[in-house]
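# Results of the structural survey
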Amino acid sequence: MINAKEISKDIWWIGGSDRRLAKFENLFPLPNGVSYNSYLVMDEKKALFDTADESISEQFMENLKGTLGDATLDYIVVLHMEPDHCSQISNVAAMYPDVTIVGNSKTFTYIDQFFPELKNIKRQEVKEGEVFSTGRHQFSFVNAPMVHWPEVMFAYDSESKALFSADAFGTFGAVDSGIFADEYDFEKKYLADARRYYANIVGKYGAQVQMVLGKAKALDIKMICPLHGPIWRKDLDWFIDKYQKWSTYEAEDDETVVIYGSLYGHTKSAAEAVARLIREKSEKQVSVYDASKTDVSELISEVWRCRKIVIFCPTYNGGLYPPIEGFINDMIALGVQKKVFALAQNGTWAPATVKPMTDKLTALKNVEIVEATLTIKSALHNGDREQIDNFVDAIVAK
């Protein structure tokens, strides 16, 4: 059965949701599923903006054919060539052999790599600022390289004032009965997944996001149509402000997150005791996570949200406890900035993780590492109270 919705005059959402996929990019858990958005413009010329992932191909094709009816498809506009959006290009082209693919030079390089069978298909190469017309609708293109692939483009429709934003402004999470963000309590249902999506997928490319946000300021945008998650038609400034913070590495909340690794529970107990004291002395929220049980994508999302990160790491084989080391390496890979770190170590015969953690974290830009550290020998005891107080006071003072 066709499951499509007209989101503005002539513009149809024809995507779908996957609630069975365990991990996005085989990395990031999807407890709430994910949507794949595709858009069909039913104007004098019929234009499809991106396709969909293989997992929803049957629903996508049904939506496409059902919405087109007896009409033929004139164009496939490719804004992003990642397989979760381009997987059906060849199938659509086989169904509508006279279709023309619209993209930039890098788009066609990747099409040739993914779909060599399309080497003779009609192509229309576009550049930034050029206008593509379907009749009433005039689309201009905005290059958005590395948000988050090199070929990415946005398309802006001057008629509907809709911005087709590729992966930008997207979020993990399936869409349910509504396709618009204002049909939900977005902050409750989607914000955590939106932050986790941005931090882990796009987080490394803050400078590129800033460049695109600058370009977007010149456009009169009334609707944002991303490739994942709900469409925005109200309160756009609220979500754009989130992107402004995330892409400049500014914390959403002046709060502290405590992340620990613990073999037998002693480091856990110390982390929880310190978290409670930070909460009492700062009168601000403190969140605590076990790096062995919490997926690293969730930890990265919390790093983006909070200003202060306290890391408790036991010594393991003379080095860092692997889940903590993986977490720190992920922060380095994603270019985390503008954070305050505080470090604690534990070990029975050789607590020795503060120095290697410090060495790794100093590779990050614009971060501060609290001078006071906490050293635990096997377990915390009442005699450690002064050291703990000094550690907590130094964190709160920042």
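Structure's up top.
A few points on the structure.

Analysis parameters
Residues numbered from 1 in each chain as written. Predicted model: local features only at pLDDT ≥ 70, side-chain atom pairs only at ≥ 80, totals over all residues. Heavy atoms only, no water. Patch = residues over 30% accessible without salt bridge, like charges linked within 9 Å, V, L, I, M, F, W, Y side chains within 5 Å. Areas by Shrake-Rupley, 256 points an atom, 1.4 Å probe, with all protein chains shown as cover. Salt bridge = Lys/Arg side-chain N within 4 Å of Asp/Glu carboxyl O. Helix = DSSP H or I, 4+ residues; strand = E, 2+ residues; numbered from the N terminus. Expected span 1.5 Å × (residues − 1). Buried < 20%, exposed > 50% of the residue type's maximum accessible area, 1.4 Å probe, protein only. Contact = heavy atoms within 4.5 Å. Pairing = 2+ DSSP bridges. Axes fitted to C-alpha atoms, helices over the stretch in contact; angles between N-to-C directions. Left-handed = near helix turned anticlockwise from the far one by under 90°. Nonpolar A, V, L, I, M, F, W, Y, C, P; charged D, E, K, R; others polar. Core = buried A, V, L, I, M, F, W, Y, C linked by side-chain atoms within 4.5 Å.

Together, Leu263, Tyr264 and Tyr316 make up a nonpolar patch on the protein surface, roughly 360 Å² of accessible area in all. Mapped onto the fold, Tyr264 is located in the loop between strand E17 (253–260) and helix H9 (266–282).

Turning our eyes to something else, we now look at helix H13 (residues 385–397). The first and last C-alpha atoms of H13 sit 18 Å apart over 13 residues, in line with the 18 Å expected at 1.5 Å per residue. Among all positions in H13, only Ile388, Asp389, Phe391, Val392, Ala394 and Ile395 are buried. In this structure, the buried residues of H13 make contact with H9, strand E19 (306–316), strand E21 (340–346) and strand E23 (374–376).

Let us now look at the sheet that holds strand E16 (residues 223–225). Read across the open sheet, the 5 strands follow the order E12-E13-E14-E15-E16; overall the sheet is mixed. Edge positions in the sheet fall to strand E12 (131–133) and E16, since each of these pairs with one other strand and no more. The sheet shows a mean angle of 25 degrees between the axes of neighbouring strands, direction not considered.

This part covers the sheet that holds strand E8 (residues 46–49). Strand order in the open sheet made by the 7 strands is E1-E2-E7-E8-E9-E10-E11, with mixed pairing throughout. With partners counted over all chains shown, the strands left at the sheet margins are strand E1 (5–8) and strand E11 (122–125), one partner each. When strand polarity is set aside, the average angle formed by the axes of neighbouring strands in this sheet is 25 degrees. Bridge count between strand E9 (residues 75–77) and strand E10 (residues 100–103): 3 bridges; the pairing is parallel. Bridge assignment links Val77 to a residue of E10, and that residue is Val102. Along the sheet, helix H1 (residues 57–68) makes contact with strand E2 (11–13), strand E7 (39–42) and E8, crossing E7 at roughly 10 degrees.

What follows is about the pattern of salt bridges. Tallied over the entire structure, the rule returns 29 salt bridges. In this structure, Lys161 engages Asp220 in a salt bridge whose closest nitrogen and oxygen atoms are separated by 3.7 Å. Note that Lys161 is positioned in the loop between strand E14 (153–157) and strand E15 (162–164) and Asp220 in the loop between helix H7 (206–216) and E16, a separation of 59 residues in sequence. Residue classification places Lys161 among the partly exposed residues on the basis of a relative accessible area of 27%.

Below, the discussion takes up the pairing of E21. Counting buried positions along E21 gives 7 out of 7 residues, so the element sits mostly inside the fold. In E21, alternate side chains face the same way, and those of Val340, Ala342, Ala344 and Asn346 on one face and Phe341, Leu343 and Gln345 on the other are all buried. With 7 bridges joining them, E19 and E21 adopt parallel strand pairing. Bridge pairing in E21 links Ile311 to Leu343. Note that E21 and strand E22 (residues 368–369) share 2 bridges and pair parallel. Bridge pairing in E22 links Val340 to Glu368. Here E21 pairs with E23 via 3 bridges, running parallel. Within E23, the position partnered with Asn346 by the bridge is Ile376.

Another point: the packing of H7 against helix H8 (residues 236–247). Their axes nearest at 9 Å, the elements H7 and H8 cross at an angle of 145 degrees. Our pair here, H7 against H8, has a crossing hand that is left-handed. Residue-level contacts link Gly206, Val209, Gln210 and Leu213 of H7 to Ile240, Tyr243, Gln244 and Ser247 of H8. Tallied by class, the residues present in the contact of H7 with H8 amount to 4 nonpolar, 4 polar and no charged.

Our next topic: the nonpolar core. Residues Ile7, Leu64, Ile311, Phe327 and Met331 are the most contacted members of the largest nonpolar core, which totals 116 residues. Apart from the residues within four sequence positions on either side, Ile7 is in contact with Trp12, Trp13, Tyr39, Ile179, Phe180, Met223, Cys225 and Ile231. Listed in part, the 22 residues of the second largest apolar core include Tyr260, Ile278, Phe312 and Val392.

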